[in-house]
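# Summary of structural features
Letter by letter, the chains look like this.
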Amino acid sequence: MVVLFSLWPFVNTVILSLTDAQILRGGRFVGLENYGRALDDPDFWTATVNSVVYLAVVVPCLVLLPLALAVLVQRKVPGIGFFRSAFYTPVIASAVVVGLIWQWVLRSDGLVNTVFEKLHLISGPVPFLTDSSMLLVSAMIVTIWKGLGYYMVFYLAALGNVPASLYEAAALDGAGAVRRFLSITIPSVKPMMLLVGTLSAISALRVFTEIYILGGESGGPGGGARTLPFLIRQVGLGFAGETGYAAAVSILLFLLTLAFSLLGHRLSKGDEQ
Amino acid sequence: MLPSSGVRRASAAGRGRKAVLGLSGRYLTLCLMLVVMLGPIVWQFLTSLKGRGEDVYGGVLPSQPTLDNYVRVAESFPLLHYVGNTLIVAALAVTSNCVFAAMGGYALSRAGWPGRRVVFTVLVATLMFPFESVMISMFLTVRSMGLVDTLVGVWLPGAVSVLNLMIMRAAFLAVPKEVEEAAVLDGANEWQRFTKVFVPAAKGALAVVCLTSFMGAWDDFLWPLIVLTNSDHYTLQLGLKSLAGATTVNDQRLIAAGAMAALIPMMALFFALQRFFFKGVGEGALKT
């Protein structure tokens, strides 16, 4: 069972990527042709650039902001349980629900545009969802919003393991809150920061639902906000699905993911030494 | 704890004021974040309560609160049917994950069968493949089994996740050798040891497997989107998406009601369990 649905699909994807198979018929061996085609395909490059830009923006935010949030909710003050749960709520909501909520916030006749127009801050609606790059930014906002609570819990666990005596000693030495944060908190949670960075990078490369719900089936105007998983689904399935080509793009996505996982691994190794 | 010195006592009043200031600053920031994190959800909830004649954007609170939108969503969209479909998939996923992950994890944690290392390494390696990079091949496999557009097809690829296997393996490895030896002396056979000793010992891990596989099945969107074509078989997430995409329903109040209907049960469950959820996290902080 595990082999059937874990290993075989991967092997099969590699084989498929070397053929010109289509959804309704098997293919014949074409060597690396699909890969060459991907490198010549402007759609492939748009999707790759989108995926990488997505990662480059989302990952730093998801490494730093949840840490700040965790520090904020770490102290046991009355009612803190409520705040923790509240910040975690977007994580519980499915990506579709979150997408629906934000679609309504960001639509051209949505909450933000309506409020801004009433305040006369803007003359026309901001095209959050109908402009490719704005759509990408909107999806990033949603991903970050949903990820805050998730990674906050990781950091809470890490912060819980920092000995309180360290802080007490530093406070006696006259270190202020900022100093204590920089010289105690940051070094203690550094391994966790690397883990969060790696995890959020991998999930940023997988992003699909946010863009699908916010921007619709085509992935923004002209597919301009398509990410790699989006492209794979679009070229690989449907009546004209080119499974061979989609498999090649899949392998390239896998290699990209692998590269970022190894980068995270290497960084954490370097940290231990 | 430490003997307080004269200097420290002298500045105590000043520090007290600073602490109060710090605390109110903390609460202020907390409330600000609360608006950012919960604001969109709360507003959506309030929108779902607004009456037909009300302006969706006019004012925060609905002037004539009504549950009408929930009724209309239930009437025009088979949301309950979608929930039923999702629950079928989730129940299958939870059962199969618990059973197979426990059995597989047990096998992997026991020494003495050839090829164990190879199997383990291969399994860990498969953790590296993002689902998106194998979904095309997965689809072809499911299609060749004739399971496209069935709930079984939705469930099958997630029937047992490698991650769950690893969780169970780690839990079984943590069971002390002495306990197992005692069971052997008592004449328990392999199956009895597994069901009477190991599974009860790994209850916590099993709960984690249960929860993650349920959440996974409940939240999944991309895979059901690929497998299912007939809207009769839609899972909840697909149903919600079709609700938003339907041109006949251009009413934010209805969409809001649908989204809330999907969110509120999960929120209720989470808030009921949040003590346990954050307990492990909080305990670390208290111990030190």
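Residues numbered from 1 in each chain as written. Chains lettered and ligands numbered in written order. Predicted model: local features only at pLDDT ≥ 70, side-chain atom pairs only at ≥ 80, totals over all residues. Heavy atoms only, no water.

### A word on the overall build of chain A
Scanning chain A from terminus to terminus reveals 12 helices and 0 strands. Along the chain direction, N to C, the helices and strands of chain A fall in the order α-α-α-α-α-α-α-α-α-α-α-α. If you line up chain A on its principal axes, its C-alpha atoms span 75 × 55 × 35 Å. Residues classed as buried in chain A amount to 53% of the 273 residues present. (Helix = DSSP H or I, 4+ residues; strand = E, 2+ residues; numbered from the N terminus. Buried < 20%, exposed > 50% of the residue type's maximum accessible area, 1.4 Å probe, protein only.)

### Details of the nonpolar core
Counting residues in each nonpolar core, the largest one holds 134 residues, and the members touching the most others are Tyr54(A), Phe87(A), Trp102(A), Tyr155(A) and Leu240(B). No other element matches the 16 residues that helix 7 (residues 132–160) of chain A contributes to this core. Once residues lying within four places of it in the same chain are set aside, the contact partners of Leu240(B) are Val96(A), Val97(A), Leu100(A), Leu79(B), Gly258(B), Ala259(B) and Ala262(B). (Core = buried A, V, L, I, M, F, W, Y, C linked by side-chain atoms within 4.5 Å. Contact = heavy atoms within 4.5 Å.)

### Overview of the environment of Pro191(A)
Residues and elements named next belong to chain A. Tracing the backbone shows Pro191 in helix 9 (residues 177–205). Judged by relative accessible area, which is 48%, Pro191 ranks as partly exposed. Considered as a pair, Pro191 and Leu267 are 76 residues apart in the sequence and their alpha carbons are 9.3 Å apart.

### Notes on the packing of aromatic side chains
Counted by the stated rule, this structure contains 21 aromatic pairs over all chains. Consider the rings of Phe82(A) and Phe83(A), whose centres lie 5.6 Å apart with planes at 65°: the pair is edge-to-face. Judged by its relative accessible area of 7%, Phe83(A) falls in the buried class. Ring centres of Tyr150(A) and Tyr151(A) lie 5.0 Å apart, and the angle between their planes is 75°; on these two criteria the pair is classed as edge-to-face. Classification of Tyr150(A) as partly exposed rests on a relative accessible area of 36%. Since its relative accessible area comes to 5%, Tyr151(A) is described here as buried. Each residue in the set Tyr106(B), Phe172(B), Trp191(B), Phe194(B) and Phe198(B) is aromatic and connected to the rest through ring pairs, giving one cluster. (Phe/Tyr/Trp six-rings, centres within 6.5 Å; stacked < 30°, edge-to-face > 60°.)

### Digging into the environment of Ile167(B)
All names here are of chain B. The residue Ile167 is located in helix 8 (residues 162–173) in this model. Along the backbone, Ile167 and Gly258 are 91 residues apart, and their C-alpha atoms lie at a distance of 35 Å. Ile167 has contacts with Ala205, Val208 and Val209, leaving out every residue within four places of it along the chain.

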